[in-house]
Amino acid sequence: MLAARDLRVTVVGAGPVACLVAIELRKRSFEVNLYERGSDVRLADGARGHSFNLTLTRRGLTSLDEHIVDMLYRNGVVLPQRVIHHVDGTTSCQPYGTDPDLHHLLSIPRGLLHEMLLDEAEKAGARLNFGFECIGVEPASGSATFVDGGAGIVRTSADLLIGCDGANSIVRHEMFRRGAQMRISQDYVADGFVEIRIPALTGGGHALLDAARDPDRPRNPRHGLHIWPRGEFMLLAQPNVDGSYTAGLWMPLVSEEGADGEDGERLGWDRVRTRRDVRELFESHFPDVVGLASSYAEDVLQWSPAPLKTVRCDPYHHGRTVLIGDSAHTLVPFFGQGINCSFEDVRTFFSIFDRNLTEHDAATALAATLPSYTEWRRPAGDTIADLSLAMASELKDRSGDVAFQTRKRLEKELHLRYPELYVPLYHAVAFTDTPYQDAVARHEQHRAVLDELCSRHDPADEVELIIAAYAEAIGRATHTPAPTPGPASQNGPRTAGAGHLVPAPRSGHHAVPGPRTEQHAVPGPRAEQRAAVAPGTDLHLDSAQQKELLDVVTARLMDFHEDLSKGNHPAWYRVAAAEPPKAEQQAPRTGTAVATLLDEIFDSALPDGMMHPHPGFMAHVPSGGLFQGAVGEFVARSLNRFAGAWAAAPGFARLETNVIDWFCSLMGYGEGSFGYLTTGGSIANFMALRCALERLPDHQHHRAAVYVSGQGHFSVAKAARLAGIGAGGHRAVPTDDAYRMDLVALRETIERDLRYGTPPACVVATAGTTNTGAVDDLRAVAALCREYGVWFHVDACFGGFFRLTRRGRVLLDGIEEADSIAVDAHKSLFLPHGSSALLVRDKTTLKQAFAIPDAAYIPELSQDDDHPDFMDYGPELTREFRGLTAWLPIKMHGINAFERCLDDRLDLADDLAGRLAALDGIDIVSRGEPHLPTVAFKVRVNGEAEADRLTERACELICSRGNIYVATSELPHEGHVIRACVMHHQTDVGVIDQFVEDVRWALRRLGEE
Ligand SMILES: Cc1cc2nc3c(=O)[nH]c(=O)nc-3n(C[C@H](O)[C@H](O)[C@H](O)COP(=O)(O)OP(=O)(O)OC[C@H]3O[C@@H](n4cnc5c(N)ncnc54)[C@H](O)[C@@H]3O)c2cc1C
């Protein structure tokens, strides 16, 4: 029989919850190892990682040992009330309960609580390992892999693995990935917050205490949670024992225009950028704080607002692995229950284990604990997540409202008179142990009765009448008393003691959740979509089957896009979120239900690698892929018209030539120009070189040379090879300080080739290099090409369509002189991948390069250049009809919408560059003005090798958060750089804010490492 002392437990993380878990495990003699990626906060000099204050309530406090609770009371401040700072400058107090000694919050700096718990865990005998980042978990076996700061890999195995690794838990991610059949959802709220410090008065007093004076006992002021509710935003402040206050300013990340009928706009962080903005905000809305917090403007501007999210998952366990704390349920902090709920998780877990231990050995007891723990805690986690979201509007909006306060007074009075018949929801959540979900169910029932009475009577003037009617109504209804709150309100939190909550075995009314068919973070099948299109041997689908197939696919696609917009996919899957599709050698002999195949596509293949449709994807030159473009392509594919010859589908050929003509005119080409839609820039560049070679006699093709800058695209070298230019014909011309082709070097290279008998075939100028977005001097290259009679091609795959904008026209000046231009509409027109074109100034040059006359079996060929056969203008005969991918979105929105979106990308990139440049520790690779939307930057440090290493590491760290994906590159003058290209049509200020915050975070982590 195994005893607990024979069992090993690995805990990922050493936050407050992990420490409590370790204390409880050690009480039961388990061998415990904590692995924390950060450093030991107790050794940090001065500033603590998380400086915000936590409010502890009964659930949290009763989960801790009494001596810890005593320490907390000695170092924290008791808050028996809210103190509301109204817009007109007055204040009012809202007591939390009927007895301040029992019904209060205990406010404590998070850092202090954390340090105390680390000490206690260490004293209890847990081993704390700092600087170990968990990078992989085998949930079935309880083993985990960590990297330590020195990049060593450590593998652990244990009888139980506990994920206490917070909101962005890798343990949760790995459970999902490795077969846990989990439902995970992640929702961001619009708000972000920054912290502000209000210092102690000289001599150590609390500056806001006067505002919290008790009107009944004016000599006896009480502390409170100070709230300045201002509608969309609010300020909260909590006192500390040293006389200071830790305050938080909460506001939507993005401001909004006032809705119809409303005045003005709703303020957001994007409008609070300068000291002046902050001063105006405080002087208008929080004037009483201005004189008290001397550094409030610096505090606000120092950090980017931290975004908030809710994470739910189910189940909390898999194999030998379990989630406890924020890793299982991340809450927005408006109810102040995150850590309370997490500590209650710990208490519940060990209560179940202790009960199981009375009947089993330790190993069996542990295994039996996991499913019961999920069954108990998951409904609690989900409920408090909902309540926390709902509390936001109470704090920001309603807490200062007269009707709200009147109703609260009525509820308090009702509770005082009939504590068994009416328990305010806040009271049940904060001051009792009643499971959250039971508290809500009971409250809903009571609230409905009270609402009805308040609709008939005035809650301000008819209090007695309402109370009497309520007691009668509920008294009648409550033959079977509803679950009453625990003894908390009598005992108060100071009578703490672990093991208070011993859940009885469940009798099946809370069934263990069945197969998960609801919302998935990394999506899985929804139940209703599983109605499979029955596969058969008849390949034709009738119209009902076609519709069914489309419906099923559409539903899955919509789920994906919804998940993406909710932030449920990272910008980059560092590791696949599920088992990737297996390699298959043989085609299947029989069919499979479509629902199963969609699972393979959406659940298995999709959550892996780079997520190009993510608005935070900024590596290379991204292509978000307009949905409308994909629909255009789908329509074209399902109509399946042959577009190689005009006569085969004249209507569709016309739509495609229209798109080509639009592109030509957007580049400044005139009469006689034309083009060909290709699947990418590589093919377009190849076609350009093929055209260029037509200027030379056949026997010179192999010996010809093509010139492109050292920053040009590698596809040019490949295109040269495809076009028949010999291996030595590719010339990489050096660049100047701005990474543009050095024209003196170009001239010298051409001259040298001519001297040695190498015919120059083509100069390829780049309009938007991948590394920095540099644009060669197109007008000067055009002049040089004219002088030597060389074909002038512009690889404008990245930058071409920026010619729509004023700044782009400055940058691309001279492009209209090019003989040919390659453009990628999947980059600078935001279309799905595979939407490119080669455009030529003179239509006949394409035909000379690609037309093969006299194919007798295609008699319908057009003799009319106005009705071109695409087969004569490009390398393909059979090809899909490509035009609709661009045609549909451009027709739907008009080209002005694209111009605006491109202009916004330029603004966003400039904003990003400015904000990164302002960070201490970041150097921006100098950008010209104007510039395409690429920002290259590096970590500033003495010594090039170290700068390269730290830049690479910073890139890894930024990407590790999943919000942004960027990659590094190497530049001749700068060494390693991180480069971000702001090209996704959905990238907005919020994404840029997040980027800057992630860079800041990465710099902090680099400092710690
Ligand atoms: C602004 C704000 C105010 C809040 N106010 C309150 C409040 O008033 N009352 C309340 O009850 N709750 C509050 N909360 C919530 C509370 O802070 C959390 O519930 C609590 O910190 C969760 O603790 P945890 O140990 O589960 O996670 P965390 O505190 O996030 O700790 C997780 C630990 O795991 C480590 N880690 C993460 N990934 C890895 C990895 N891959 N490898 C190794 N280690 C890793 C982290 O470095 C960290 O140390 C608030 C939260 C915020 C953001």
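Residues at a pLDDT of 70 or more form 91% of the chain, whose mean pLDDT is 88. Between residues 479–532, whose pLDDT stays under 50, and residues either more than four places distant or in other chains, the model counts 135 contacts.

Time to look at the pairing of strand S35 (residues 975–981). Where burial is concerned, most of S35 is hidden: 7 out of the 7 residues are buried. Judged from the 4 bridges that link them, strand S33 (residues 934–939) and S35 form a sheet pairing that is antiparallel. Opposite Val935, over in S35, you have Ala980 as the bridge partner. Across 5 bridges, strand S34 (residues 967–971) lies against S35 in antiparallel orientation. Bridged to Glu970 within S35 is His976. Connecting S34 to the antiparallel partner S35 that follows it, the hairpin turn spans 3 residues.

Reading across from one edge, S25-S31-S30-S29-S28-S26-S27 is the order of the 7 strands in this open sheet, with mixed pairing throughout. Every other strand in the sheet has two partners, leaving strand S25 (674–678) and strand S27 (730–733) as the edge strands with one partner each. Geometrically, the sheet is characterised by an average inter-axis angle of 20° between neighbouring strands, direction not taken into account. The pairing of strand S26 (residues 705–709) with strand S28 (residues 760–766) spans 4 bridges and is parallel.

Within the element layout of this structure, Thr55 appears in strand S3 (residues 53–56). Ignoring sequence-local partners within four residues, the contact set of Thr55 consists of Leu79, Leu105, Leu106, Ser107, Gln238, Gly336 and Asn340.

Before going further, it helps to examine the packing of helix H27 (residues 884–893) against helix H28 (residues 895–917). Where H27 contacts H28, the axes come no closer than 6 Å and their chain directions differ by 90°. Taken together, H27 and H28 sit at an angle that is classed as roughly perpendicular. Residues Pro889, Ile890 and His893 of H27 touch H28, and the partners they reach there are Ile895, Ala897 and Phe898.

We now examine the environment of Met234. Structurally, the position occupied by Met234 is in strand S15 (residues 233–239). When its relative accessible area of 0% is taken as the criterion, Met234 is described as buried. Remark: the alpha-carbon pair of Met234 and His285, spanning 51 residues in sequence, is separated by 9.2 Å. Each residue touching Met234, except ones within four places of it in the same chain, is listed here: Trp228, Pro229, Gly248, Leu249, Trp250, Phe334, Leu395 and Lys396.

It is worth spelling out helix H26 (residues 843–850) at this point. Taken residue by residue, H26 has Lys843, Thr845, Leu846, Ala849 and Phe850 as its buried positions. Buried residues along H26 cover an arc of 165° about the axis, so they all sit on one side. Buried residues along H26 sit in contact with S25, helix H20 (681–693), strand S29 (791–796) and strand S31 (836–840).

Below, the discussion takes up the pairing of strand S14 (residues 225–230). Side-chain positions along a regular strand alternate between the two faces of the sheet. Of all 6 residues that make up S14, 6 are buried, and the element is covered over most of its length. Residue alternation in S14 divides its side chains into two sets, Leu225, Ile227 and Pro229 and His226, Trp228 and Arg230, and both sets are buried. Direction of pairing for strand S5 (residues 81–85) relative to S14: parallel, over a ladder of 3 bridges. Residue pairing in the sheet places Ile84 in a bridge with Ile227 of S14. Summarising the sheet, S14 and S15 pair through 5 bridges and their orientation is antiparallel. If you follow Pro229 over to S15, its bridge partner there is Met234. Between S14 and S15, which pair antiparallel and follow one another directly, the connecting turn spans 2 residues, one of which, Gly231, has a positive phi of 80°.

To continue, consider the sheet that holds strand S19 (residues 306–314). A sheet is described by the order of its strands in space; here 8 strands give the open sequence S6-S5-S14-S15-S16-S13-S19-S22, paired in mixed fashion. Bordering the open sheet on either side are strand S6 (91–95) and strand S22 (329–330), each of which pairs with just one other strand.

Further remarks concern the pattern of salt bridges. Oppositely charged side chains may form a pair once their charged atoms are brought near each other. Applying the stated criterion across every chain yields a total of 71 salt bridges. The partner of Arg1005 in a salt bridge is Glu133, with the nearest N and O atoms 3.7 Å apart. Here Arg1005 is found in helix H30 (residues 989–1008), whereas its partner Glu133 is found in strand S9 (residues 132–138), with 872 residues between them in sequence. For the pair Arg1005 and Glu133, a shared accessibility class is recorded, and that class is buried. With a closest N to O distance of 2.5 Å, Arg417 and Glu464 form a salt bridge.

Right, let's get into the packing of aromatic side chains. Taken as a whole and judged by the stated rule, the model has 22 aromatic pairs. Residues Phe193 and Trp250 carry aromatic rings whose centres are separated by 4.6 Å and whose planes lie at 25° to one another, so their mutual orientation is stacked. Taken together, the residues Phe193 in strand S13 (residues 183–198) and Trp250 in strand S16 (residues 245–252) connect sequence positions 57 residues apart. Summarising the burial analysis for this pair, Phe193 and Trp250 share the class buried.

Turning to the site of the ligand, a few remarks are in order. The environment of the ligand is formed by 29 residues, the closest being Glu36, Thr55, Arg110, Asp326 and Ile339. Contact distances for the ligand include 3.2 Å between an oxygen atom and a backbone N or O atom of Gly338. Listing elements by their share of the shell around the ligand, those giving two or more residues are helix H1 (16–27), strand S2 (31–36), S3, S9 and helix H9 (338–357). Among the residues making up the shell around the ligand, the classes are represented as 13 nonpolar, 10 polar and 6 charged.

Calculation notes
Residues numbered from 1 in each chain as written. Predicted model: local features only at pLDDT ≥ 70, side-chain atom pairs only at ≥ 80, totals over all residues. Heavy atoms only, no water. pLDDT = per-residue confidence, 0-100. Contact = heavy atoms within 4.5 Å. Buried < 20%, exposed > 50% of the residue type's maximum accessible area, 1.4 Å probe, protein only. Helix = DSSP H or I, 4+ residues; strand = E, 2+ residues; numbered from the N terminus. Pairing = 2+ DSSP bridges. Axes fitted to C-alpha atoms, helices over the stretch in contact; angles between N-to-C directions. Parallel < 35°, antiparallel > 145°, perpendicular 65-115°, else oblique. Arc of directions from axis to C-beta. Salt bridge = Lys/Arg side-chain N within 4 Å of Asp/Glu carboxyl O. Phe/Tyr/Trp six-rings, centres within 6.5 Å; stacked < 30°, edge-to-face > 60°. Near = heavy atom within 4 Å. Polar contact = N/O pair within 3.5 Å; in protein donor to acceptor, adjacent residues only side chain to side chain. Nonpolar A, V, L, I, M, F, W, Y, C, P; charged D, E, K, R; others polar.

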